[in-house]
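Listed here are the chains, written in short residue letters.
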Amino acid sequence: MTEIAASDFRPAQRHIRLDTILRLRWLAVLGQLAAIFIVAQGLEFNVEIVPCVSIIALSAALNLGLQTAANPMHRLEPMQAAGLLALNIVELAALLFFTGGLQNPFSFLFLAPVLISATALPARFTFGLGVLAVACASILFFFHLPLPWDSDDPLVLPPIYLVGVWLSIVLAIGVTSLYSFQVTEEARKLADALAATELVLTREQHLTQLDGLAAAAAHELGTPLATIFLISRELEKTVKDPSFAADLKTLREQTQRCRDILSKITQLSTDAPFDRMKLSELIEEVVAPHRDFGVDIKVRIAVAAAAEPVGSRNPAILYGVGNIVENAVDFAHTTVEVNAWWNKDTIELLISDDGPGIPPDILNRIGEPYLSRRRPQDDGGGERRGLGLGVFIARTLLERTGAKVSFTNRIFPEHGAVVQISWPRQRFEAIETLEETIG
């Protein structure tokens with residue numbers, strides 16, 4: 001089975017393009033100008049136009065400077081992106097200071113930079129931006145100029161209302177940021193795990209392609225080597241010079257050796273990537289690599305009235321079933337059982353072990369990416385660690401071939417995990433290419 005190590009696949013670090021930040025900042029500049037224009041000209045409220053426009057102008061100047069000095073397609077480091085988002089919070093706080101503080105309904109825009117960070121930056125930067133936003137909101141609770149309003153009918157909000165506004169901002173920042181971060185993290189993990197799945201299929205395809213190339217090379221080289229062998233043997237019979245005869249004998253022997261090697265390669269390559277194979281042969285090919293690990297693997301094939309299923313030698317099925325068998329051997333105490341039965345409509349494999357079983361708290365989550373709980377190693381006592389992708393990849397590959405995969409535990413007093421894999425017989429026996437499996 002093909003293995004994926006942490007060094008082979010690492011989730012990519014998250015970066016935001018400068019162009020994305022600049023678009024958001026330009027949107028903020030236009031929105032702030034529009035709001036001031038509407039309040040000052042449309043509603044004819046008394047607004048501190050000069051300081052507000054000065055803050056917006058500084059923000060626009062910074063945007064122009066960044067666009068001129070750097071490539072907009074440049075991917076910012078998390079620290080750089082967090083710095084620009086922090087600047088957005090400070091600029092918004094400065095504008096709110098001149099326009100009523102928390103009395104201004106636009107104070108909820110403190111949430112925007114923190115929410116962007118939650119979906120694109122590491123958690124520590126999101127936490128820092130959240131603290132900064134709450135700190136700015138807290139300062140504005142005590143220090144701010146009056147809200148622009150009708151001077152003949154001034155708006156006076158009770159302190160308890162402002163406390164509610166402050167509390168709602170804090171809760172909105174905390175709850176929505178946490179939710180956004182969790183959803184984004186799960187989506188990223190799923191995307192990374194699917195990428196690892198495609199990597200496994202690509203490696204399996206490369207192996208089968210090498211297998212086919214070896215068979216083709218053996219076939220093509222067989223004819224010229226046979227010709228060289230026959231000619232060297234005939235020349236050996238006619239040449240009288242002992243030194244030439246010895247050289248011809250060596251040439252014939254080495255040619256025969258090459259033919260023997262090619263013959264072995266041909267025998268190893270008789271199973272082309274998508275040759276047909278019986279279900280029992282598929283099980284044996286999957287089980288064979290795990291028989292020498294001190295665990296007794298019992299294979300039972302049920303007798304059925306229908307003929308034994310014959311399917312394609314699909315790398316996805318071989319890897320998926322092989323990974324589940326490997327896990328069963330890894331966790332079993334003494335025995336792993338692989339039971340197979342079929343009828344005219346269904347094919348089913350039941351893989352079970354006598355190990356500790358699947359913990360109840362993760363039983364319903366088996367098959368999710370990055371879900372791993374390994375037992376301590378017997379020799380070192382350390383914890384086995386991995387990416388937690390094995391079962392996810394196996395389940396994904398098998399389900400793409402039409403299988404249904406379920407995980408349960410044995411019924412008490414027995415113990416151990418049970419994995420049930422079932423296919424519609426028609427789907428299993430259909431000839432599929434690797435590209436169809438991937439798609």
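A quick note: this is a predicted structure, and the numbers were derived from the prediction, not measured. (Residues numbered from 1 in each chain as written. Predicted model: local features only at pLDDT ≥ 70, side-chain atom pairs only at ≥ 80, totals over all residues. Heavy atoms only, no water.)

Looking now at the overall build of the protein. Broken down by element type, the protein carries 13 helices and nine strands. Expressed as a percentage of its 439 residues, the buried residues of the protein come to 37%. Sequence separation of at least 24 residues holds for 77% of the intrachain contacts in the protein that already meet a minimum separation of 6. Surface accessibility of the protein: about 24500 Å² in total, with carbon and sulfur atoms responsible for 63%. (Helix = DSSP H or I, 4+ residues; strand = E, 2+ residues; numbered from the N terminus. Buried < 20%, exposed > 50% of the residue type's maximum accessible area, 1.4 Å probe, protein only. Contact = heavy atoms within 4.5 Å. Areas by Shrake-Rupley, 256 points an atom, 1.4 Å probe, with all protein chains shown as cover.)

Once that is clear, we can look at the layout of surface pockets. Considering only enclosed or pocket space, the second largest pocket measures out at about 800 Å³ in volume. Every residue lining the second largest pocket is counted, 32 residues in all, and those nearest its centre are Gln 32, Leu 92, Leu 95, Phe 106 and Leu 109. Counting only elements with at least two residues in the lining of the second largest pocket, the list comes to helix H1 (18–42), helix H2 (49–69), helix H3 (78–98) and helix H4 (111–120). The element that contributes the greatest number of residues to the lining of the second largest pocket is H1, accounting for ten residues. Taken together, the residues that form the lining of the second largest pocket break down as 23 nonpolar, seven polar and two charged. (1 Å grid on protein atoms, 1.4 Å probe; cavity = no way out; pocket = protein on both sides within 12 Å on 5 of 7 lines; lining within 4 Å. Points joined across faces, edges and corners; volume = space filled by probe spheres on them. Nonpolar A, V, L, I, M, F, W, Y, C, P; charged D, E, K, R; others polar.)

When the UniProt feature table is mapped onto this chain, "transmembrane region" (unreviewed entry) is found at residues 24–43, 49–69, 81–99, 105–122, 129–147 and 159–181. Across residues 49–69 one finds 100% helix and 0% strand; the C-alpha atoms that close the span lie 30 Å apart. In residues 81–99, helix accounts for 95% and strand for 0%; the two terminal C-alpha atoms are 27 Å from one another. (UniProt positions renumbered as here; feature names shortened; annotations may be inferred.)

Looking at the protein, the pLDDT average stands at 79 and 79% of residues meet or exceed 70. This stretch, residues 1–12, has a pLDDT under 50; its non-local contacts, to residues over four places away or in other chains, come to 30 contacts. For the stretch residues 375–387, pLDDT sits under 50, and the model shows 18 contacts to residues farther than four places along the chain or on other chains. (pLDDT = per-residue confidence, 0-100.)

In this section: the packing of helix H9 (residues 315–331) against helix H11 (residues 390–400). Here H9 crosses H11 at 145°, and the two axes come no closer than 8 Å. The way H9 lies across H11 gives a crossing that is left-handed. Across the interface between the two elements, Ala 316, Ile 317, Tyr 319, Gly 320, Val 321, Asn 323, Ile 324 and Asn 327 of H9 pack against Gly 390, Val 391, Ile 393, Ala 394, Leu 397 and Leu 398 of H11. (Axes fitted to C-alpha atoms, helices over the stretch in contact; angles between N-to-C directions. Left-handed = near helix turned anticlockwise from the far one by under 90°.)

On to the nonpolar core. Core analysis: the largest hydrophobic core is formed by 36 residues, its most contacted members being Val 321, Val 336, Ile 351, Ile 421 and Trp 423. Residue assignment for this core shows that the elements contributing at least two residues are helix H8 (279–287), H9, strand S6 (335–342), strand S7 (346–353), H11, strand S8 (404–409) and strand S9 (417–424). If you tally residues by element for this core, the top one is H9, at seven residues. Residues contacting Val 321, with those up to four places away along its chain left out, are Val 286, Leu 349, Ile 351, Leu 398, Ile 421 and Trp 423. (Core = buried A, V, L, I, M, F, W, Y, C linked by side-chain atoms within 4.5 Å.)

Turning to the pattern of salt bridges, a few remarks are in order. With the rule as written, the count across this model stands at seven salt bridges. In this structure, Arg 25 and Glu 91 form a salt bridge, with 3.1 Å as the shortest nitrogen-oxygen distance. In this pair, Arg 25 sits in helix H1 while Glu 91 sits in helix H3, placing the two residues 66 residues apart along the sequence. Across this residue pair, the class does not change: Arg 25 and Glu 91 are buried. For Glu 337, the salt bridge goes to Arg 410, with nearest N and O atoms at 3.9 Å. In this pair, Glu 337 is assigned in strand S6 and Arg 410 in the loop between S8 and S9, connecting sequence segments 73 residues apart. (Salt bridge = Lys/Arg side-chain N within 4 Å of Asp/Glu carboxyl O.)

What follows deals with the environment of Gly 402. Within the fold, Gly 402 resides in the loop between H11 and S8. Sequence separation between Gly 402 and Ser 422 is 20 residues; the distance between their C-alpha atoms is 8.5 Å. The contacts of Gly 402, once residues within four sequence positions are left out, are Ser 422, Trp 423, Pro 424 and Arg 427.

The next thing to look at is the packing of aromatic side chains. Tallied over the full model, the rule gives four aromatic pairs. With a centroid separation of 4.9 Å and an interplanar angle of 80°, the aromatic rings of Phe 141 and Phe 142 are classed as edge-to-face. (Phe/Tyr/Trp six-rings, centres within 6.5 Å; stacked < 30°, edge-to-face > 60°.)

Following both chains from N to C, one finds H3 and helix H5 (residues 123–142) inclined at 10°, their axes separated by 10 Å at the closest point. Comparing the axis directions of H3 and H5 gives the class roughly parallel. Taking contact as the criterion, the partners of Pro 78, Met 79, Ala 82, Leu 85, Ala 86, Ile 89, Val 90, Ala 93, Leu 96 and Phe 97 in H3 are, on H5, Phe 125, Leu 129, Leu 132, Ala 133, Cys 136 and Leu 140. In terms of residue class, the contact of H3 with H5 is built from 16 nonpolar, no polar and no charged. (Parallel < 35°, antiparallel > 145°, perpendicular 65-115°, else oblique.)

Pairing is mixed across the open sheet formed by five strands, whose spatial order is S4-S6-S7-S9-S8. Across the chains shown, the open sheet's two edge strands, defined by having one partner strand only, are strand S4 (296–301) and S8. Strand-to-strand twist in this sheet, taken as the mean axis angle between neighbours without regard to direction, amounts to 15°. Judged from the seven bridges that link them, S6 and S7 form a sheet pairing that is antiparallel. Following the sheet pairing, Val 336 is matched in S7 by Asp 353. (Pairing = 2+ DSSP bridges.)

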